[in-house]
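# Summary of structural features
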Amino acid sequence: MRHFYSLTRPVAAVSAIAILALAAGCSEPAGTSMAGPPAVATAQTSSATKVKAASKLGDLSAFRNIAADVTSIVDNGDLPAAKARIKDLEVAWDSAEAGLKARAAGDWHVLDKSIDHALGALRANAPNQTDSKKAMADLLTNFDSLQGKS
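Residues numbered from 1 in each chain as written. Predicted model: local features only at pLDDT ≥ 70, side-chain atom pairs only at ≥ 80, totals over all residues. Heavy atoms only, no water.

Here we take up the confidence of the model for the chain. Averaged over every residue, the pLDDT of the chain is 77; the share at 70 or more is 62%. Confidence drops under a pLDDT of 50 for residues 20-53, and excluding neighbours within four residues, the segment shows three contacts in the predicted structure. (pLDDT = per-residue confidence, 0-100. Contact = heavy atoms within 4.5 Å.)

Following this line, the structure appears as structure tokens:
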């Protein structure tokens, strides 16, 4: 009987590890089946891969919305108001830095440099609309490319 109890724990541990490995290794999302045509499965897989690849940083829509708002203000020629509004983007971006940078440091640096460029254009000693428009357009392009919209 003593021999039986000494085997119970290792067997239970190995079983638990095997179950967890099988659950983690399941590559098919719940509710899907490979019974369909291969073309459909391939399209679903490539679509899912594109979404995952496009959003390493997660949902950037709040940041992009502020940038779009700043762009609209710049387009209207109100550079002091744009300078004030882009401060909201800077504060939000800086407060989210730790979480975002850990997800995809390279993508984070691309956006951070683009945000810094836009901040510099609007905070210049004599900001001009042309430079500000270009910086904001580049920023929106970077947001869109990282979210898979371009």
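Moving on to the packing of helix α3 (residues 61-75) against helix α7 (residues 129-146). Contact geometry for α3 and α7: axes closest at 10 Å, N-to-C directions at 155 degrees. Between α3 and α7, the angle is such that the two are roughly antiparallel. Considering the relative orientation of α3 and α7, their crossing is left-handed. Residue-level inspection shows Phe-63, Arg-64, Ala-67, Ala-68, Val-70, Thr-71, Val-74 and Asp-75 of α3 in contact with α7, the latter providing Gln-129, Ser-132, Lys-133, Met-136, Leu-139, Leu-140, Phe-143 and Asp-144. Here the contact of α3 with α7 is composed, by residue class, of nine nonpolar, three polar and four charged. (Axes fitted to C-alpha atoms, helices over the stretch in contact; angles between N-to-C directions. Helix = DSSP H or I, 4+ residues; strand = E, 2+ residues; numbered from the N terminus. Parallel < 35°, antiparallel > 145°, perpendicular 65-115°, else oblique. Left-handed = near helix turned anticlockwise from the far one by under 90°. Nonpolar A, V, L, I, M, F, W, Y, C, P; charged D, E, K, R; others polar.)

Inside soluble globular proteins, nonpolar side chains tend to come together where they are buried. Counting residues in hydrophobic clusters, the biggest one holds 28 residues, and the most contacted among them are Met-136 and Leu-139. At the level of secondary structure, the elements contributing two or more residues to this core comprise α3, α4 (79-95), α6 (105-123) and α7. Sequence-distant contacts of Met-136, that is, excluding residues within four places in its chain, are made with Ala-67, Val-70, Thr-71, Val-74, Ile-86, Ala-118 and Leu-122. (Core = buried A, V, L, I, M, F, W, Y, C linked by side-chain atoms within 4.5 Å. Buried < 20%, exposed > 50% of the residue type's maximum accessible area, 1.4 Å probe, protein only.)

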